[in-house]
Structures are given as C-alpha cells and as structure tokens.
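Chain by chain, the residues run as shown.
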Amino acid sequence: MRPTDRVFVALDMPEIEGAKAMAAQVAGLVGGVKLGLEFFMAQGPAGIRDVIAAGDLPLFLDLKLHDIPNTVAGAVRSVAPLAPKFLTIHAGGGPAMIRAAADAAREEAERLGVPRMRILAVTVLTSLSDEDLAAVGQAVPAADQVRRLAQVAHANGADGIVCSPAEVALLRRDLPADFTLMVPGIRPTWAAANDQKRVMGPRDAVAAGADHLVIGRPITADADPAAAARRIAEELGA
Ligand SMILES: O=c1ccn([C@@H]2O[C@H](COP(=O)(O)O)[C@@H](O)[C@H]2O)c(=O)[nH]1
C-alpha cells in the first residue's frame, strides 16, 4: 500500500459542492473519502452517490449505527447499494448487533452482486478521556475498554474496529494482522487538537500498526487543504 492510500479524508460538511470541491483538491494525496453523519443527514444516499461519482476514491461511510440488531441489519441493507468500502457500527451495540450487521453486509453483497462492505466497529470515541468514561459510568481506562470491545467485535464477525492511535500498538498484539484498525484522532504537530483527546501524529500512528488514518480538520480546515494533505503525505514517507 502506498503511504497516501492509508489516509481517508473526513469530509465533515453539509454541502455537496463543498464536499466535491474538497475531494478534488486532495485527490492523489489521500486514499479515500470519509462521509459521515453531517453530510448524510443533509444530503442522504443521493448526495453520497453524487460525491462518489465526481471522483474515483473509495468510500468510507461513517454512520456509526447503534440500535437493536434487526434495525441495524436493515440499515446495512439500505446502504449496501452505495457499495461503501467501509461502514461503521458502534461496538457498544453488543455481540448480536455486530453479528447482524456482518451477516447483512455479506448477504446483501451476494444478493446485489456488489463487493462486500467491510464492517468496522467503533470502540471508544477518540474525543473521550478516561475521565469522560468514568463520568458515564465506565470506570475503566479507555485502553481496557477498547481492548474488550475489539475482542467482542472480532468474535462476532466485524472486519475491524475504529480506535484511537494510543491503543493501536496494544491491539496489534491481540488481533490478527488482517483485522483492520481504522484510526482517527490523528494530529500532526502543526495542527490543533480541537475536540480530540486521544491523539497522535500520522507517522507514529502508522509505525504503531494503524492500517488507515482518518484525517479531517488538519486538512479541511487548513487555508490550503492540498498543501496540508501533501505535508501529511510527506510525513508518511510519500
Ligand atoms: O472515535 C472516533 C470515531 C470517528 N471519528 C471521526 O473521524 C473524523 C475525525 O475528524 P478530525 O477533524 O480529524 O478530528 C470525524 O469525522 C469523526 O466523526 C473520530 O474522530 N473518532
């Protein structure tokens, strides 16, 4: 994999034209685009199709599904025609919900004759610290909770997880090499942390064992997004 292929740029914005323009600016400097709740709530599946049709980059659909198994399986079936490379669910939805999502992804891909989307389970959001977890009654270090949820995700058919860079090295010891670690919370030294709490630079995250890096504001909020994406690509050795 080329260093730039590891990077999914997070297009967190509500407008189609803005997302398409940003994707075009960073094309060749990133490996894919991530569209999430802000874009999907505003533009829906038609907007996703529009952005994808404008470029030629793999799609990571970050919808963080979290509901009862039957509802999540239905949502997975509903987005299958978009043929995302990755789709997120919340690992906290539990074993049956993760299994239902993985089964629905496989069955729907076979039915439609499209490539199977990879199901990634979000463990502990990178915006949460140990103190934040304690505040919601999870009085364990984030790393322990991530490790536990990663094992549940793996045992129930997920293709990988979303975790912070701080947990990657630990997880790599426990999990098979083909279990995808998708890693947001990436902050080059020259970028602001914003609301992210468990962060690391791109080069260190890859050295620790991250498969893919999710990077939004360090690129999209920069005055020159293409220059920021190029700087990150260079940090990654491109
Ligand atoms: O734990 C998580 C899960 C998902 N995300 C998403 O990644 C990007 C990060 O954007 P930045 O601007 O680089 O902070 C964003 O779309 C989140 O929804 C995450 O940050 N942490």
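Calculation rules
Residues numbered from 1 in each chain as written. Predicted model: local features only at pLDDT ≥ 70, side-chain atom pairs only at ≥ 80, totals over all residues. Heavy atoms only, no water. Helix = DSSP H or I, 4+ residues; strand = E, 2+ residues; numbered from the N terminus. Buried < 20%, exposed > 50% of the residue type's maximum accessible area, 1.4 Å probe, protein only. Contact = heavy atoms within 4.5 Å. Expected span 1.5 Å × (residues − 1). Bend = angle between axes of the 7 residues up to and from the residue. Near = heavy atom within 4 Å. Polar contact = N/O pair within 3.5 Å; in protein donor to acceptor, adjacent residues only side chain to side chain. Areas by Shrake-Rupley, 256 points an atom, 1.4 Å probe, with all protein chains shown as cover. 1 Å grid on protein atoms, 1.4 Å probe; cavity = no way out; pocket = protein on both sides within 12 Å on 5 of 7 lines; lining within 4 Å. Sits in = over half its atoms within 2 Å of the grid points.

1. Some points on the environment of Ala 23
- Mapped onto the fold, Ala 23 is located in helix α1 (residues 16-26).
- Of the residues examined, Ala 23 reaches a relative accessible area of 13% and is grouped as buried.
- Filtering out sequence-adjacent residues up to four positions away, Ala 23 remains in contact with Leu 11 and Val 33.

2. Section: the side chain of Thr 126
- Looking at the secondary structure, you find Thr 126 in the loop between β5 (118-122) and α5 (130-135).
- The exposure class of Thr 126 is buried, given its relative accessible area of 9%.
- Here Thr 126 is in contact with Cys 163, Ser 164, Pro 184, Gly 185, Gln 196, Lys 197 and Arg 198, once residues within four sequence places are set aside.

3. Notes on helix α2 (residues 37-54)
- Taking 1.5 Å as the rise per residue, α2 with 18 residues should run 26 Å; its terminal C-alpha atoms sit only 20 Å apart, a clear shortfall.
- At Gly 44, α2 shows its strongest bend, of approximately 110°, with the proline Pro 45 following within four residues.
- Residues of α2 that are buried include every one of Phe 39, Phe 40, Gly 44, Gly 47, Ile 48 and Val 51, and no others.

4. Regarding the site of the ligand
- Surveying the vicinity of the ligand reveals 16 residues, the closest of which are Asp 12, Lys 34, Thr 126, Arg 187 and Arg 217.
- Contacts to the ligand include Thr 126, whose side-chain N or O atom sits 2.6 Å from a nitrogen atom.
- Contact with the protein chains hides 88% of the accessible area of the ligand, taken as 460 Å² for the molecule alone.
- When atom positions are compared with the pocket grids, the ligand is found to occupy the largest pocket.

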